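# Working through the structure, step by step
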Amino acid sequence: MKNNTASIIIAILAIICAVLIFLNYTLKKENSGLKDGVKTLTSEKIAAFVELEECLRQNEKFLKKELVDRYTDSLIALRNKVENGYIPADEEIKNFFDRTEFIISNIEFLDLSTEKASQYVYFIESMRNLLKTFSVTGEKTED
């Protein structure tokens, strides 16, 4: 009987060991699959971030170009008013200098042709000369 009980216990332990080995193998295989999935998702996420970064750069470029165009339009409108006898307020002169600073700092960023960039610079310089007559120092007015 002792022999028979020992055999049964050994058989049960062998079955438990076999089940544990099978579970270990299955879990290891599943874990490996999950690691591959994580690698795939990570690479897809990185690709999405790269695409998003490029999209944001294009959007920034578009918005800066739009702002430069609007600022330029406002400067042209101010010049037209001044040429028709309008005397600009200190705030308008300050805005002019702020806007021209933005335009100048973004000319290279906008990938403008040399001709267009020089037109911007020439126009800004002629406006500065024109507005010097209305400003005590010929520079930014402070609030």
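Everything quoted here is computed from the prediction, not taken from an experiment. (Residues numbered from 1 in each chain as written. Predicted model: local features only at pLDDT ≥ 70, side-chain atom pairs only at ≥ 80, totals over all residues. Heavy atoms only, no water.)

## A look at the overall build of the chain
We apply this condition: Runs of H or I in DSSP of at least four residues are treated as helices and runs of E of at least two as strands, each being numbered from the N terminus. We compute the radius of gyration from the C-alpha atoms alone; for a globule the expected value is 2.2 Å times N to the 0.38, where N is the number of residues.
Helix and strand content of the chain: three helices and zero strands. Ordered by position from N to C terminus, the α and β elements of the chain give α-α-α. Taken against the 2.2 N^0.38 rule, which gives 15 Å for 143 residues, the C-alpha radius of gyration of the chain at 37 Å runs more than 25% over that of a compact globule. Viewed in the frame of its principal axes, the chain has a C-alpha envelope of about 120 × 35 × 20 Å.

## A few points about the pattern of salt bridges
Put simply, the rule reads: When a carboxyl oxygen of Asp or Glu is within 4 Å of a side-chain nitrogen of Lys or Arg, the pair counts as a salt bridge.
Counting across every chain of the model gives seven salt bridges. Between Lys81 and Glu92 there is a salt bridge whose closest N-O contact spans 3.7 Å. Of this pair, Lys81 sits in helix α1 (residues 2–83) while Glu92 sits in helix α2 (residues 90–105); the two residues are 11 residues apart in sequence, bridging distant segments of the chain. Here Lys94 ties to Asp98 by a salt bridge, and the two come within 3.0 Å at their closest N and O atoms. Residue Lys94 and its partner Asp98 are both found in helix α2; the two are separated by four residues, about one turn of the helix.

## Considerations on the side chain of Asn106
Stated formally: Relative accessibility thresholds used throughout: buried, under 20% of the residue-type maximum; exposed, over 50%; partly exposed, between the two (1.4 Å probe, protein chains only). The definition of a polar contact used here is a pair of N or O atoms within 3.5 Å, where within protein one atom must be able to donate a hydrogen and the other to accept one, and adjacent residues in sequence count solely through side-chain atom pairs. Should any heavy atoms of two residues lie within 4.5 Å, those residues are counted as being in contact.
One can find Asn106 in the loop between α2 and α3 (114–132). Since its relative accessible area comes to 5%, Asn106 is described here as buried. Within polar-contact distance, the side chain of Asn106 engages the side chain of Lys64 at 3.3 Å. Side chain to side chain, Asn106 and Ser105 meet in a polar contact 3.3 Å long. Apart from residues lying up to four places away in sequence, Asn106 is in contact with Lys64 and Val68.

## Quick notes on the nonpolar core
Stated precisely, the cut-off is as follows: In this description, a nonpolar core means a group of buried Ala, Val, Leu, Ile, Met, Phe, Trp, Tyr and Cys residues linked to one another through side-chain atoms lying within 4.5 Å.
Counting residues in hydrophobic clusters, the biggest one holds 16 residues, and the most contacted among them are Leu78, Phe96, Ile103, Met127 and Leu131. Broken down by secondary-structure element, the contributors of at least two residues to this core are α1, α2 and α3. Broken down by element, this core gets its largest block of residues, six residues, from α3. Those residues in contact with Leu78, other than ones at most four positions away along the chain, are Tyr86, Pro88, Glu92, Phe96, Met127 and Leu131.

## Remarks on a nonpolar patch on the surface
Quick note on the threshold: A patch is a set of surface residues, each over 30% in relative accessible area and not in a salt bridge, joined within 9 Å for like charges and within 5 Å for the nonpolar side chains Val, Leu, Ile, Met, Phe, Trp and Tyr. The Shrake-Rupley method, run with a 1.4 Å probe sphere, supplies the accessible areas, and residue values consider only the shown protein chains as cover.
Among the surface-exposed residues, Ile8, Ile9, Ile12, Leu13, Ile15, Ile16, Val19, Leu20, Phe22 and Leu23 lie close enough to one another that they form a single nonpolar patch of about 960 Å² accessible area. Residue position: Ile15 is located in helix α1. Using a relative accessible area of 55% as the deciding quantity, one classes Ile15 as exposed.

## Looking at the packing of α2 against α3
Note the cut-off: In this analysis, axes come from line fits to C-alpha atoms, helices being fitted only over the stretch in contact, and the angle between any two N-to-C directions falls in the range 0 to 180 degrees. When describing relative orientation, an angle under 35 degrees is termed roughly parallel and one over 145 degrees roughly antiparallel, while 65 to 115 degrees is termed roughly perpendicular and anything else oblique. Handedness of a helix crossing follows the sense of rotation of the near helix relative to the far helix, less than a right angle counterclockwise being left-handed and clockwise being right-handed. When residue character is reported, Ala, Val, Leu, Ile, Met, Phe, Trp, Tyr, Cys and Pro are called nonpolar, Asp, Glu, Lys and Arg charged, and the others, Gly included, polar.
It is at 11 Å that the axes of α2 and α3 come closest, and there the two elements cross at 160 degrees. In terms of orientation, α2 lies roughly antiparallel with respect to α3. Crossing geometry of α2 relative to α3 is assigned as left-handed. Here Ile93, Phe96, Phe97, Thr100, Ile103 and Ile104 of α2 come into contact with α3, specifically with Tyr120, Val121, Ile124, Met127, Arg128 and Leu131. Here the residues of the contact of α2 with α3 are counted per class, giving 10 nonpolar, one polar and one charged.

## Considering the packing of aromatic side chains
Note the following rule: Geometry of aromatic contacts follows a simple scheme: Phe, Tyr and Trp rings, the Trp one being its six-membered ring, pair when their centres are within 6.5 Å, and the pair is stacked under 30 degrees between planes, edge-to-face over 60, tilted otherwise. Here, a charge over a ring means that NZ of Lys or CZ of Arg falls within 6 Å of the ring centre while also lying within 35 degrees of the ring normal.
One pass over the full model with this rule turns up two aromatic pairs. Seen in terms of ring centroids, Tyr71 and Phe102 are 5.6 Å apart; in terms of plane orientation they differ by 80 degrees. Their pairing is edge-to-face. Here the residue Tyr71 occupies a position in helix α1, and Phe102 occupies one in helix α2, the gap between them amounting to 31 residues. In this structure Tyr71 comes out as partly exposed when scored by relative accessible area, which is 22%. Look at Phe96 and Phe97: their rings are 5.0 Å apart centre to centre, the planes differ by 75 degrees, and that puts the pair in the edge-to-face class. The residue whose ring lies beneath Lys81 is Tyr86, and the NZ or CZ to ring-centre distance is 4.5 Å.

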